[in-house]
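Geometric and topological summary
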Amino acid sequence: MPRAKPLQAALMATPDETEAQFYDALQHADLERVMSVWSDDEDIACIHPGGPRLVGAQAIRSAFESLFANGSVDARVSQVRRIVAGGFAVHHVLEEIRVATPEGPQRAFVLATNIFVKTPQGWRLLAHHASPGSPRQVQEFSDEPSTLH
């Protein structure tokens, strides 16, 4: 199956814009948009919570096709921690997944790391690694500054 053409670089001029496109595409079950944010690198990788490592565009596409067979993914991102170094950016995020169930709306939490690379077409997703979280992750823990001001 041919790979989707990337969105215009102007739409993904920053890692934040690429990430926003990714999560918006999840919320709309838009497979072509999900795939358009990925790098053309043959070793792109995706790990869904509790799932295997998926390497390459076809494996990732297949996984999202299966995921979208059940509808869209209502994933909301918060607590974004950003590291940018040269042509790479790493975002550590907390995803809140909202699911409609017969018992009413439910929430699940996922801890994810999104790695972006700057390409001639703009910033693209190189890897997405998500792990199951819990409501405890809503509260963030971090080191205290080592220098007093």
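This structure is a prediction, so every number in the text was calculated from the model and none was measured.

What about the overall build of the protein chain?
Across its full length, the protein chain carries three helices and six strands. Ordered by position from N to C terminus, the α and β elements of the protein chain give α-α-β-β-α-β-β-β-β. For the protein chain, long-range pairs separated by at least 24 residues make up 52% of all intrachain contacts whose partners lie at least 6 apart in sequence.

Considering the confidence of the model for the protein chain
When pLDDT is averaged along the protein chain, the result is 87, and 83% of the positions lie at 70 or above. Confidence over residues 1-10 falls short of pLDDT 50; this stretch has 22 contacts with residues more than four positions distant or in other chains.

A few points about the layout of surface pockets
Quantified by volume, the largest pocket comes out at close to 330 Å³. Taken together, 18 residues line the largest pocket, and the ones lying closest to its centre are H48, P49, L67, V73 and I97. When contributions to the lining of the largest pocket are tallied by element, the ones reaching two or more residues are helix 1 (15-27), helix 3 (57-68), strand 4 (88-101), strand 5 (104-119) and strand 6 (122-132). By residue number, the principal contributor to the lining of the largest pocket is helix 3, which donates four residues. Counted by class, the lining of the largest pocket contains 14 nonpolar, three polar and one charged residues.

Observations regarding helix 1
In this model helix 1 runs 19 Å from its N-terminal to its C-terminal C-alpha over 13 residues, within 8% of the 18 Å that 1.5 Å per residue would give. Burial in helix 1 covers these residues: P15, T18, E19, Q21, F22, Y23, A25 and L26. Summarising the contacts, the buried residues of helix 1 are in contact with helix 2 (31-36), helix 3, strand 3 (74-85), strand 4, strand 5 and strand 6. Just downstream of helix 1 lies A29, where phi reads positive at about 50°.

Procedures and definitions
Within any chain, residue numbers begin from 1 and follow the written order of that chain's sequence. In keeping with the model being predicted, local features are shown solely for residues with a pLDDT of at least 70 and side-chain atom pairs are shown and tallied solely at 80 or more, while totals for entire chains, interfaces and linings include all residues. Remark: hydrogens and water are excluded; side-chain values derive from all non-hydrogen atoms of the structure. In this text, helices come from DSSP runs of H or I with a minimum length of four residues, and strands from runs of E with a minimum of two, each type numbered from the N-terminal end. Note on definitions: a residue-residue contact is assigned when non-hydrogen atoms from the two residues lie within 4.5 Å. Residue-level confidence of the predictor, termed pLDDT, takes values from 0 up to 100. Only protein atoms enter the calculation, which uses a 1 Å grid: trapped sets of points that fit a 1.4 Å probe without letting it out are cavities, open sets showing protein on both sides within 12 Å along at least five of seven lines are pockets, and any residue with an atom within 4 Å of a point is a lining residue. Grid points are joined across faces, edges and corners, and a volume is the space filled by probe spheres set on the points. Throughout this entry, Asp, Glu, Lys and Arg are counted as charged residues, while Ala, Val, Leu, Ile, Met, Phe, Trp, Tyr, Cys and Pro are counted as nonpolar. The remaining residues, Gly among them, count as polar. Every helix has an expected span of 1.5 Å times one less than the residues it contains. Accessibility here uses a 1.4 Å probe with only protein chains present; expressed as a share of the type maximum, an area under 20% marks a residue as buried, one over 50% as exposed, and anything in between as partly exposed.

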